[in-house]
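Examination of the molecular architecture
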Amino acid sequence: MTGRWTMGTADDGFDEQGRAGANQLDLGSFNEAVIIETIRLAGIISRTEISRRTGLTQQSISRILRILLQQGLLVEEAQERAERLGKPRTPVRLRSNAAHAVGIHLDPELLTVAVVDLDGTIVRRETVDLADDLPTDKLIDLTAATVTAALSISQVDPKSMLGVGVAVPGPIDADGSLLALPLQPAWRGLKIRHLLQEKLNHPVLVEKDGTAAAIGERWIGRSARARDFAYLYLGTGVGSGLILNGSIYRGGTANAGEFGQVAALRMGEWDVESGPQMVPECNPTASLPVIAASYGYVEKDLDANDEAKRYKAVCRAAAAGDEAALRAAKRVGQVIGQGAVGLVDLLDIDLVVVGGPAYAPEISKILLTEIGRAVNLHPVAREIRPVVVEESMLQTDAAAVGAASTIFHDAFTPRVSGSSQARRLPK
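About the criteria used
Residues numbered from 1 in each chain as written. Predicted model: local features only at pLDDT ≥ 70, side-chain atom pairs only at ≥ 80, totals over all residues. Heavy atoms only, no water. Axes fitted to C-alpha atoms, helices over the stretch in contact; angles between N-to-C directions. Helix = DSSP H or I, 4+ residues; strand = E, 2+ residues; numbered from the N terminus. Parallel < 35°, antiparallel > 145°, perpendicular 65-115°, else oblique. Left-handed = near helix turned anticlockwise from the far one by under 90°. Contact = heavy atoms within 4.5 Å. Nonpolar A, V, L, I, M, F, W, Y, C, P; charged D, E, K, R; others polar. Pairing = 2+ DSSP bridges. Patch = residues over 30% accessible without salt bridge, like charges linked within 9 Å, V, L, I, M, F, W, Y side chains within 5 Å. Areas by Shrake-Rupley, 256 points an atom, 1.4 Å probe, with all protein chains shown as cover. Salt bridge = Lys/Arg side-chain N within 4 Å of Asp/Glu carboxyl O. Lys, Arg positive; Asp, Glu negative; His and termini not counted. Charge placed at Lys NZ, Arg CZ, Asp CG, Glu CD. Buried < 20%, exposed > 50% of the residue type's maximum accessible area, 1.4 Å probe, protein only.

Let's shift gears to the packing of helix α8 (residues 284–294) against helix α9 (residues 307–319). For the pair α8 and α9, the least separation of the axes is 8 Å and the interaxial angle reads 55 degrees. With respect to each other, α8 and α9 are oriented oblique. Handedness of the α8/α9 crossing: left-handed. Counting all contacts with α8, which are made through P284, T285, A286, L288, P289 and A292, the residues of α9 involved are E307, R310, Y311, V314 and C315. The residue inventory of the contact of α8 with α9, partitioned by class, reads eight nonpolar, one polar and two charged.

Across the sheet, which stays open at both edges, the five strands sit in the order β7-β6-β5-β8-β9 with mixed pairing between neighbours. One side of each edge strand has no neighbouring strand; the edge strands of this open sheet are β7 (122–129) and β9 (204–208). Each strand axis lies, on average, 15 degrees off the axis of its neighbour in the sheet, ignoring direction. By the bridge criterion, seven bridges tie strand β6 (residues 110–117) to β7 in an arrangement that is antiparallel. Opposite V113, over in β7, you have E126 as the bridge partner. Across the sheet, helix α5 (residues 192–200) is in contact with β5 (100–106), β8 (161–168) and β9; its angle to β9 comes to roughly 150 degrees. Each of β5, β8 and β9 is contacted by helix α6 (residues 209–221), which is oriented at about 105 degrees to β9, the strand it contacts most.

Backbone-to-backbone hydrogen bonds join strands into a sheet, with any given pair of strands oriented parallel or antiparallel. The sheet built from five strands is open, its strands ordered β12-β11-β10-β13-β14 with mixed pairing. Two strands in the sheet have a free side with no partner beyond their single neighbour: β12 (247–249) and β14 (388–391). For this sheet the average axis-to-axis angle between neighbouring strands, irrespective of direction, equals 30 degrees.

A cluster of like negative charges, contributed by E109, D129, D132, D133 and E307, occupies part of the molecular surface. Along the polypeptide, E307 turns up in helix α9. For E307, a relative accessible area of 30% corresponds to the partly exposed category.

Take the pattern of salt bridges next. Counted by the stated rule, this structure contains 22 salt bridges. Between E390 and R225 there is a salt bridge, and its shortest N-O distance comes to 3.0 Å. Taken together, the positions of E390 in strand β14 and R225 in the loop between α6 and β10 (229–235) put the pair 165 residues apart, joining distant regions of the chain. On the basis of relative accessibility, which here comes to 3%, the residue R225 falls in the buried class. Its salt-bridge partner being R373, residue E370 comes within 2.9 Å of it at the nearest N-O pair. You can see E370 and its partner R373 sitting in helix α11 (residues 364–377), three residues apart, about one turn around the helix. The class for E370 is buried, based on a relative accessible area of 8%. Connected through salt bridges with shared partners, the residues E37, R40 and R218 form a single ionic network.

So, on to the pairing of β9. Of all five residues that make up β9, five are buried, and the element is covered over most of its length. By the alternation rule, side chains of β9 split into V204, V206 and K208 and L205 and E207, which are all buried. In the sheet, β8 pairs with β9 via five bridges, with the strands oriented parallel. By the bridge assignment for β9, V168 is matched with K208.

Relative to the helices and strands, S364 is located in helix α11. Under the relative-accessibility criterion, S364 is labelled buried at 12%. Remark: the alpha-carbon pair of S364 and E390, spanning 26 residues in sequence, is separated by 10.0 Å. Beyond its immediate chain neighbours, meaning those up to four positions away, S364 contacts Y359 and E391.

We now examine the side chain of S405. Mapped onto the elements, S405 comes out in helix α12 (residues 398–412). Exposure remark for S405: the relative accessible area of 0% places this residue in the buried category. The contact partners of S405, leaving out residues within four places of it in the chain, are I215, G216 and W219.

Distances and angles like these do not, on their own, reveal function.
What follows is the structure in C-alpha cells.
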C-alpha cells in the first residue's frame, strides 16, 4: 500500500512530536478527509448519501472515491437498487486491513501491546508484567522488542503500518516525555516518544491514558459516539478524556482531563496548603479493599501486597451480595459521580462514558447507577439536560486500542489547519 495517505518515517509530513502536520499526511485535500470520516461514521454508505451528508457534489465525490479505491483504502460492496429511481448503487466502506497501528499501554505494573486494524479489531495482543525496579533503558528495550514481536507474529503488511501510539498515566509534557508519575517515580523525565521512535523507526505519539481511551471510543463507536462526551477512565487512578466539537481536547500542554483534581474540589478535600487533596476513591484498585474493610469486609487467602487480586476479590464479593463490598463499591461510584458532575456542569455535555482496566464487570451496574444519579441530580442545568451514562465499547483494552486509534485519528480525521488540537508543537 503506497497511497498518498500512507505514513512513513517521522520525516514524512510529521512535526517534531511525530504528529501529522497540516498537510493531513499528504491525504490530498480536506474534502478527502471529510469523505473518509463520513464513510467511517456510517460503516457502509452510498455515494448519494455521502453527497447528502457532506454537501459535496457528486462529481467531486466520484473523483475522490476513485482515488481512495485505487489506493486500497476503500472497497465497494455489492450493488443495491435504489427504491425510487431503480438505478443500481454501489456502497463503499473502509477496508479494515488497509491500515494498522500499534497501541501500547504502559502501566506501572503491566505492558500491553496491541496491533489494531482500521476497524479497531485487535489483530495481535501481547502483555508483559513489569518489575518494580525495571531500569528505564530496559523498559524501552522491552517495549520495542514486544512491539516488534507482535508485528512479526501478526504478519500485517509493513506498508499498512501507520505508526505507534502510547498511552501512559499523566502528566506528560508536549514532546511525549513522562513527568511526575505518582506510582512510578523512576520513570520521571523519560523521553519515551523519542526513544521508542528511534528503536522502532515508526512515528510515535504519546497520550495520557484517559485521552487515548476517549479517542478510541470515538473511533470505534462510529456514529454512536459522534457527539461530545467525557470518558471516565478507571485505571491507575481515575482520569478523563474529552471529545469536544468532534475532536479530542488535549489542552495547552496535552494534560487536560485531570479528573482527580475535579473530584477533590467537588468533595471539598483540601491539603495543608489549601490545595485539592486526592480522594482515595479516585484510585479504586487501591482504595476499594480498604473501604470495604472499614465496612466489615474480611479478606481471605490473599497476598496483602497484590493490589490487583485484592481489588478483583472485593468486586466478586460485591457481585455475590456481600454487604460490605457492595457499600464500598457504591461509595466509589458516588465519589466518581461527584467529579463527573463538575465535568458536566463545566462542559455542558450530555454523555459520560465509563471504562478502563479497573472498570470491573462485577461492579459495573453499581458504578453506572451512582454516576448516573449524580450527573442527573446535581448539575445546575439538570432540568433541561438529562445526561446519559454508558459503559465503554472498548472494555479492559481501552488504553491500548485507544493508543492505536490516536494514529488513525491523526491520519484521517478532518481538521482545520493550524488548530491547536491538530498538533502539539514545543514551546
